[in-house]
Amino acid sequence: MAHALPLHPAARLRRLPPVLAVVAVVALLALPLGPDGGGGAHPADAVSALVVLYGVLRLVRDRRRPLTRRAAAVLGLPVLGLAVAAAGAASPGAGLEGLGRYLQVFVLVPAAVLLLLRDRDDARLLAWATVMLAVWQGAVGVHQYVTATGASYQGEPIRAVGTFGAQDVMGMATVVSLGLVCALGLALGRTPVRHRLLAAGCALALLLPLAVSFSRGAWIATAVTCAAQLLLAGPRRALAVGAAVLAAGVVLVGGLGVGTAMLQERVGSITQVTDAPDQSVTDRYTMWAAAAGMWRERPLTGVGLKGFPEYRDSHASLALSSGSETDGAGAGYQRQPLLSPHNMYLLVLAEQGLLGLVALAGSWLALLVLGLRRLRAARRAGGGLDCGLIACGLLVWQLTDFAYADIGGPSTVLTAVCFGLAAWWALGSTTSGGAAAR
């Protein structure tokens, strides 16, 4: 009887799914940062560059067309505005640095993810990796809240920040929110029951770390996205999952005592804009006004990439504080300068003008429209519903959160992966590894 010869290690390596390279980027975000917040690029950023290179090498080896014309047009649209804004930057170094970051997040990494995902199973694997990362970061964050070892919030070290530290208080909230969106999409699909139950359990468990992150922007984006996912999945599922979430909220607030006075005050501050807002709200709206002033000064092309900090003081009112204070979570007290308006749309408008905003937002809107069209077809066909809900949900979360945040920090590389997953769903075809058609 003939026996199969053992595969050579190189051959076994080639048989591994290419999506594992993207999963590695997600997994690296579980690594703890130093007390100084990392002091530079996160390892996940470096590996994301290798993922882009890996995608290019696969194209060369397989000798196939890299992207469809539609995919190249949608993903390449932001390059025009970015090139003009980089040329108008205050210095060549600032222009190149900003150009590299924007290309990484919105063009190169999403294109690599689109090329490396072969089918729905790959997409589910990437979604589960995001859920597991969120569960890990959430567990660390809840421990910080319970043991009072988190970042400082109103003078108490209770803010959950995960392994990202006090220098990136939004990192854990972003990861947990995106993991919750993935978990809900998996739970609403038509995969085996045990998979859906596990995903639903993860989604409910992630509500607690999201709450104690004290991140108002993440709360709003997650609520909007989950509501959209439920409606897109169908009214019956929306009612069933809505009841489960309501029950979980009752347990968290009543049974576990999560509804502390600080948490209630934080929720109330979402609408507290004109009636004695806290300093963080005042700073946010002051920087928004400054960004709008920069745009009015140069409406077409903006002040150039990385130009917001340089022009901020000349456009901001005296209500703006000198910086934000960070403390706790293993780091000492520091005062961080306010270098961005914490609104992605206004940041793009200020630094890239109407040209850059139309290019970037046009790319995002195209992904959303095409993704929703494919999701509607998936609902009728009965296959791939979970993948569509995840991809469209991640995109909706990002576009909603961009009204309260912008790119920056280690978690930004996860934003790039999410745009890649959305691009795979919206633009994928048989010319890019099977994509969403299978």
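Note that the structure is a prediction, hence the values are computed from the model and not measured.

Quick notes on the pattern of salt bridges
Then comes step 1: Counted by the stated rule, this structure contains five salt bridges.
Then comes step 2: Asp121 is the salt-bridge partner of Arg124, the closest N and O atoms lying 3.2 Å from each other. Here the residue Arg124 and the residue Asp121 both occupy positions in helix 6 (residues 120–147), the gap between them amounting to three residues, near one helical turn.
Then comes step 3: Each member of the salt-bridge network shares a partner with another, and the members are Asp121, Arg124 and Asp386.

Digging into the side chain of Asp406
Then comes step 1: Looking at the element boundaries, Asp406 is found in the loop between helix 16 (385–401) and helix 17 (412–427).
Then comes step 2: For the buried Asp406, which has no salt bridge, the nearest side chain bearing the opposite charge is Arg284, at an N-O separation of 7.6 Å.
Then comes step 3: A distance of 2.9 Å separates the side chain of Asp406 from the side chain of Ser340, its partner in a polar contact.
Then comes step 4: In this structure, Asp406 is in contact with Ser340, Pro341, His342, Asn343, Met344 and Leu347, ignoring residues within four places of it in sequence.

Some remarks on empty space enclosed by the protein
Then comes step 1: Scanning all chains against the criterion turns up one cavity of 30 Å³ or more.
Then comes step 2: Volume-wise, the largest cavity comes out at about 40 Å³.
Then comes step 3: In this structure, the largest cavity is lined by Ala123, Arg124, Ala127, Cys387, Ile390, Leu421 and Trp424.
Then comes step 4: Of all elements in the fold, only helix 6, helix 16 and helix 17 reach the threshold of two or more residues within the lining of the largest cavity.
Then comes step 5: At three residues, the largest contribution of residues to the lining of the largest cavity is made by helix 6.
Then comes step 6: A per-class count over the lining of the largest cavity returns six nonpolar, no polar and one charged.

What counts as what
- Residues numbered from 1 in each chain as written.
- Predicted model: local features only at pLDDT ≥ 70, side-chain atom pairs only at ≥ 80, totals over all residues.
- Heavy atoms only, no water.
- Salt bridge = Lys/Arg side-chain N within 4 Å of Asp/Glu carboxyl O.
- Helix = DSSP H or I, 4+ residues; strand = E, 2+ residues; numbered from the N terminus.
- Buried < 20%, exposed > 50% of the residue type's maximum accessible area, 1.4 Å probe, protein only.
- Lys, Arg positive; Asp, Glu negative; His and termini not counted.
- Polar contact = N/O pair within 3.5 Å; in protein donor to acceptor, adjacent residues only side chain to side chain.
- Contact = heavy atoms within 4.5 Å.
- 1 Å grid on protein atoms, 1.4 Å probe; cavity = no way out; pocket = protein on both sides within 12 Å on 5 of 7 lines; lining within 4 Å.
- Points joined across faces, edges and corners; volume = space filled by probe spheres on them.
- Nonpolar A, V, L, I, M, F, W, Y, C, P; charged D, E, K, R; others polar.

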